[in-house]
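What follows is each chain in one-letter form.
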Amino acid sequence: MHPAIIRSEVRRTIHRTIWPRARRLVMRLGLAGSLILVLLLTWPRAVFLADAPEPPKSIRMTCGTCPSGYALTGVTTAPEICKEGDPTLVECVPIGSMNLLAVCGSCPEGYVQIGSSAVPARCGNADGGRMSQCQLQKLESGLPDPAQGGLFCPPNCAGPMPTPGQGTLPRPPKMPPSPEEQK
């Protein structure tokens, strides 16, 4: 047989047997790879969206009433801002965000009332305009240590302070006499 005929027969055999198998394999790998890629892109988002923490709460002004998790700290009528429904504009503070909290009405859960006063200009007519001063039952670590007696740093953290009237800096040390003066 002629070498050109042998080569053409080999090519036909390869095209008939190997190439279709290779194409099917590439196609399967492509489908499997794209499926894996889709899973990798969508699965972490689904997992992380379920565990996403709430955004930090901050003081807010809203119309009507405060949302849950917030305490009412001020009330006013503002029909130019609150155009739909209740024209009452309220100031709301996240519960637990501050150790001391002045709220309209009674203290929220987790706080103890340490005083109250009538402030209808700030709290409106609800509950007789009563404002309660509330303290968080479990104080946060941002407060000074009560064993220190109310020391604040600075200036109390500088160490021992000089006696009043004596100046703030110690006297400079005496310099030894120069060699010329010693002669």
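Criteria and cut-off values
- Residues numbered from 1 in each chain as written.
- Predicted model: local features only at pLDDT ≥ 70, side-chain atom pairs only at ≥ 80, totals over all residues.
- Heavy atoms only, no water.
- Helix = DSSP H or I, 4+ residues; strand = E, 2+ residues; numbered from the N terminus.
- Buried < 20%, exposed > 50% of the residue type's maximum accessible area, 1.4 Å probe, protein only.
- Contact = heavy atoms within 4.5 Å.
- Areas by Shrake-Rupley, 256 points an atom, 1.4 Å probe, with all protein chains shown as cover.
- Core = buried A, V, L, I, M, F, W, Y, C linked by side-chain atoms within 4.5 Å.
- Disulfide = S-S within 2.5 Å.
- Pairing = 2+ DSSP bridges.
- Axes fitted to C-alpha atoms, helices over the stretch in contact; angles between N-to-C directions.

Asks: Any chance you could break down the overall build of the protein for me, citing the residues and the numbers?
Replies: A count of helical and extended segments in the protein gives three helices and six strands. Put simply, the protein runs from its N terminus to its C terminus through helices and strands in the order α-β-β-β-β-β-α-β-α. Of all 183 residues assigned to the protein, the portion counted as buried reaches 16%. For the protein, contacts bridging at least 24 residues in sequence account for 49% of all contacts bridging at least 6. When the accessible surface of the protein is summed, it comes to about 14900 Å², and 63% of that surface belongs to carbon and sulfur atoms.

Asks: An account of the nonpolar core is needed here, citing residue identities and associated values.
Replies: Membership of the largest hydrophobic core is limited to eight residues, which are Ala71, Val93, Leu101, Val103, Cys107, Tyr111, Cys134 and Leu136. Breaking this core down by element, the ones donating at least two residues are β4 (100-104) and β6 (130-136). Cysteine 107 has contacts with Val112, Gln113, Ser132, Gln133 and Cys134, leaving out every residue within four places of it along the chain.

Asks: Residue-level account of the environment of glycine 110, with values.
Replies: Its place among the elements puts glycine 110 in the loop between β4 and β5 (111-118). A C-alpha to C-alpha distance of 7.7 Å links glycine 110 and glycine 96, two positions 14 residues apart in sequence. For glycine 110, the contacting residues outside a window of four places in its chain are Gln135, Leu136 and Gln137.

Asks: Go over the state of the cysteines, please, and point to the residues and values.
Replies: Per the counting criterion, the structure on display carries four disulfides. Residue cysteine 66 pairs covalently with cysteine 92 via a disulfide, S to S 2.0 Å. Disulfide cysteine 66 to cysteine 92: torsion about the S-S bond roughly -90°, handedness left-handed. Remark: cysteine 92 occurs in strand β3 (residues 88-94) and cysteine 66 occurs in the loop between β1 (60-63) and β2 (70-77); sequence separation between them is 26 residues. Both residues of the pair, cysteine 66 and cysteine 92, belong to the buried class. One disulfide in the model links cysteine 107 with cysteine 134; its S-S distance is 2.0 Å. With the S-S dihedral at roughly -90°, the linkage between cysteine 107 and cysteine 134 falls on the left-handed side. Note that cysteine 107 is positioned in the loop between β4 and β5 and cysteine 134 in strand β6, a separation of 27 residues in sequence. As far as the burial class goes, cysteine 107 and cysteine 134 line up, both buried.

Asks: Pulling in residues and values, what's your account of the sheet that holds β4?
Replies: Strand pairing in a sheet is mediated by backbone hydrogen bonds. Such pairs are either parallel or antiparallel. Pairing is antiparallel in the open sheet, where three strands are placed in the order β4-β6-β5. Taken across any chain shown, the strands that pair with only one partner, and hence form the sheet edges, are β4 and β5. Sheet twist, expressed as the mean angle between neighbouring strand axes with direction ignored, is 25°. Taken together, the seven bridges between β5 and β6 define a ladder with antiparallel strand orientation. The partner of glycine 115 across the bridge, within β6, is glutamine 133.

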